[in-house]
Amino acid sequence: MEVLWDTSFPILFQTRKATDGGAPSECDGQFHSDDMPVVALSTGWYNKGSRCLNNITITANGRSVVAMVVDECDSTMGCDGDHDYQPPCANNIVDASRAVWKALGVPHDQWGRLDITWNEAWC
């Protein structure tokens, strides 16, 4: 598989609280269940939506999981109503659903941040 981004530096993998945000996803205007393996990528990786509805493979904790890109974790804007008054995401964020954390076997009390690698999941 071709790695399209240099993932040799730490990538922070985070989860949002259930109260974060509330808008439908940027990719399809839909709400996605936290029980589905979906992610939001920071602005550079989101690449103006070019990865929308594509799958990526995330590897961490000795496991891998395939997740669909459904949203952008905005690295340029924030702190307004459209972004739930949250600060902008860092430039190296893969913001993941609960299903992704579970698939990687991360204990619930350790959810929050984790170093990972990821790449495009080619069919």
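Residues numbered from 1 in each chain as written. Predicted model: local features only at pLDDT ≥ 70, side-chain atom pairs only at ≥ 80, totals over all residues. Heavy atoms only, no water.

A. Focus on the pattern of salt bridges. By the definition in use, this model includes 3 salt bridges. Asp34 is the salt-bridge partner of Arg98, the closest N and O atoms lying 3.9 Å from each other. Of the two residues, Arg98 sits in helix H2 (residues 98-103) while Asp34 sits in the loop between strand S1 (11-14) and strand S2 (38-42), which places them 64 residues apart along the sequence. Residue classification places Arg98 among the partly exposed residues on the basis of a relative accessible area of 29%. The residue Arg98 makes a salt bridge to Asp35 at a minimum N-O spacing of 2.7 Å. You can see Arg98 sitting in helix H2 and its partner Asp35 sitting in the loop between S1 and S2, a full 63 residues away along the chain. Judged by its relative accessible area of 49%, Asp35 is partly exposed. Salt bridges here are not isolated pairs; linked through shared partners, they connect Asp34, Asp35 and Arg98. (Salt bridge = Lys/Arg side-chain N within 4 Å of Asp/Glu carboxyl O. Helix = DSSP H or I, 4+ residues; strand = E, 2+ residues; numbered from the N terminus. Buried < 20%, exposed > 50% of the residue type's maximum accessible area, 1.4 Å probe, protein only.)

These figures capture arrangement, not role.
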